[in-house]
Amino acid sequence: LAVYSIIVYIFATMLIEIVFSVRTTSMELKWSNILEGYYRKYPNEHNAYIGELLPSRLYNQLDLTEALLQIVIGLFFYLFLLSLVMLLCTLYHNRFLGILIDCAVVAIGTGLCSVHSDYMWFFPMANSITWLHYTDYYKTQIFDMRGSLVYFLITIITLTIWSYSMIKTYSYEFIQEV
């Protein structure tokens, strides 16, 4: 159920973005010329909010289709990992602990990504954000995308095996009918 929810969320978000922008944009699978030339045209706006919406690390390093694919996969794995934590805590009859763990993982990951700490790679947030993997120029990777994929796969497989072992011994007497 979590997998379907995540897929529906991602594609519904993408569809809504496309529907609301279809009248005012031209559809091409490439980065916008306005986006690529924004800093050249407005050099004094380097720290403007619009420049933070789409980091140059993303559009300078990847073409649009590759960036979209990596973003969707990263978001899927991140949300799936959080849902597995919730499942595991539910199997231990402590949903509130699952919420606390997920909130802590998100908050600590956000903080570490904000300050660009070396420790951010231990949290799923940094591994799911594509542009954090690259420098601003020269297509140099700070952290290999394959490393992030391995991080997610190992963590998800571990949590899945752990959850499966808990399901075998799960006591259904605590389930309440709604």
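Quantities reported herein were computed from a predicted structural model and do not represent experimental measurements.

Asks: Which residues make up the overall build of the protein chain, and what values do they have?
Replies: Per the secondary structure count, the protein chain includes 8 helices and 0 strands. The order of helices and strands in the protein chain, counted from the N terminus, is α-α-α-α-α-α-α-α. In the protein chain, which comprises 178 residues, the proportion classed as buried is 31%. Contacts in the protein chain between residues far apart in sequence, at least 24 positions, make up 58% of those at least 6 positions apart. A total of about 12500 Å² of accessible surface is found on the protein chain, and carbon and sulfur atoms cover 67% of it.

Asks: With reference to specific residues and values, describe the nonpolar core.
Replies: Core analysis: the biggest nonpolar cluster contains 25 residues, and Cys 113, Met 120, Ala 126, Leu 132, Phe 152, Ile 156 and Leu 159 have the highest contact counts within it. Mapped onto this core, the elements with two or more residues apiece are helix 1 (2-21), helix 5 (64-91), helix 6 (95-114), helix 7 (124-128) and helix 8 (145-168). It is helix 5 that provides the largest number of residues to this core, a total of 9 residues. Grouped together as the second largest cluster of nonpolar side chains are 8 residues, Trp 31, Leu 58, Tyr 59 and Tyr 134 included.

Asks: Now, about the packing of helix 5 against helix 6: what can you tell me, with residues and values included?
Replies: The packing of two helices is summarised by the inter-axis angle and the distance between the axes. Packing of helix 5 against helix 6 leaves a shortest axis separation of 7 Å and a crossing angle of 150 degrees. In terms of their interaxial angle, helix 5 and helix 6 are classed as roughly antiparallel. Here the hand of the crossing between helix 5 and helix 6 comes out right-handed. Packed against helix 5, whose contacting residues are Tyr 78, Leu 82, Val 85, Met 86, Cys 89 and Thr 90, the element helix 6 presents Arg 95, Leu 97, Gly 98, Ile 99, Ile 101, Asp 102, Val 105 and Val 106 at the interface.

Asks: How would you sum up the environment of Thr 135? Please name residues and give values.
Replies: As for its placement among the helices and strands, Thr 135 is situated in the loop between helix 7 and helix 8. By relative accessible area, which is 25% here, Thr 135 ends up partly exposed. For the pair formed by Thr 135 and Leu 58, sequence separation is 77 residues and the distance between their alpha carbons is 9.1 Å. Not counting residues within four places of it along the chain, the set of residues in contact with Thr 135 comprises Arg 57, Gln 61, Thr 140 and Ile 142.

Asks: Give me the packing of aromatic side chains: which residues, what numbers.
Replies: One pass over the structure, following the stated rule, counts 7 aromatic pairs. Look at Phe 76 and Phe 77: their rings are 5.9 Å apart centre to centre, the planes differ by 55 degrees, and that puts the pair in the tilted class. By relative accessible area, which is 14% here, Phe 77 ends up buried. Both rings, one in Tyr 92 and one in Trp 162, keep their centres 6.3 Å apart while their planes meet at 75 degrees; by these two values the pair is edge-to-face. Of the two residues, Tyr 92 is situated in the loop between helix 5 and helix 6 and Trp 162 in helix 8; the sequence distance between them amounts to 70 residues.

Asks: Which residues make up the pattern of salt bridges, and what are the values?
Replies: For the coordinates displayed, the defined rule picks out 1 salt bridge. The salt bridge partner of Arg 146 is Asp 144, with a shortest N-O separation of 2.9 Å. Judged by its relative accessible area of 60%, Arg 146 is exposed.

The rules behind these values
Residues numbered from 1 in each chain as written. Predicted model: local features only at pLDDT ≥ 70, side-chain atom pairs only at ≥ 80, totals over all residues. Heavy atoms only, no water. Helix = DSSP H or I, 4+ residues; strand = E, 2+ residues; numbered from the N terminus. Buried < 20%, exposed > 50% of the residue type's maximum accessible area, 1.4 Å probe, protein only. Contact = heavy atoms within 4.5 Å. Areas by Shrake-Rupley, 256 points an atom, 1.4 Å probe, with all protein chains shown as cover. Core = buried A, V, L, I, M, F, W, Y, C linked by side-chain atoms within 4.5 Å. Axes fitted to C-alpha atoms, helices over the stretch in contact; angles between N-to-C directions. Parallel < 35°, antiparallel > 145°, perpendicular 65-115°, else oblique. Left-handed = near helix turned anticlockwise from the far one by under 90°. Phe/Tyr/Trp six-rings, centres within 6.5 Å; stacked < 30°, edge-to-face > 60°. Salt bridge = Lys/Arg side-chain N within 4 Å of Asp/Glu carboxyl O.

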